[in-house]
Amino acid sequence: YRDSDYSPPVIETSVTEKTGIVEAVDAILAHSEFLDKSRGIDHRNKKRIEDDIRSLLNYKVTGFIERKLGFTDRMDAWVEKIIRGEETPYSIVERFGDEIFERIRKIS
């Protein structure tokens, strides 16, 4: 909204008193029209799609690491060390991160 004079209104509504409903619907429709004209919806949809792609890639890569590099077997031991206060998630990732990347380089 920074680049425009548009500011979404705040509409007071009450279902029990049956007030403001029509005004709220009108404001929602006006906001939707504003977003359509300003390309805001396209930007949000693009961002949402990019986030979905990143999440799916992250899932695939994590699964690959866990299956192919044998880190699934180590997970229980890491969790136990964290529970006992011997490690933190950050210390484990720091220590084994280089090993993960080195093993990936050898595979590729």
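Residues numbered from 1 in each chain as written. Predicted model: local features only at pLDDT ≥ 70, side-chain atom pairs only at ≥ 80, totals over all residues. Heavy atoms only, no water.

Novice: What is the right way to look at the overall build of the protein chain in this model?
Specialist: On a plain count of helices and strands, the protein chain comes out with four helices and zero strands. The N-to-C order of helical and strand elements in the protein chain reads α-α-α-α. For the protein chain, whose C-alpha radius of gyration is 25 Å, the value lies well above the compact-globule estimate of 13 Å for 108 residues. If you line up the protein chain on its principal axes, its C-alpha atoms span 60 × 35 × 25 Å. Per-residue burial for the protein chain yields a buried fraction of 17% across its 108 residues. (Helix = DSSP H or I, 4+ residues; strand = E, 2+ residues; numbered from the N terminus. Rg over C-alpha atoms; globule rule 2.2 N^0.38 Å. Buried < 20%, exposed > 50% of the residue type's maximum accessible area, 1.4 Å probe, protein only.)

Novice: Can you help me understand unusual backbone geometry in this one?
Specialist: The phi angle of most residues is negative, glycine excepted, and most peptide bonds adopt the trans form. Its identity is not glycine, yet Lys18 carries a phi of approximately 55°, on the positive side. Its location among the elements puts Lys18 in the segment before helix H1 (21-38).

Novice: Explanation requested: the packing of aromatic side chains in the structure shown.
Specialist: Here the distance between the centres and the angle between the planes together describe a pair of aromatic rings. Overall, the coordinates contain one aromatic pair when judged by the stated rule. Measuring from centroid to centroid gives 5.0 Å for Trp78 and Phe96, while their planes differ by 40°, and the two rings are tilted. One end of the pair, Trp78, is in helix H3 (residues 71-83); the other, Phe96, is in helix H4 (residues 89-107), with 18 residues separating them in the sequence. Accessibility classification places Trp78 together with Phe96 in one group, the buried group. (Phe/Tyr/Trp six-rings, centres within 6.5 Å; stacked < 30°, edge-to-face > 60°.)

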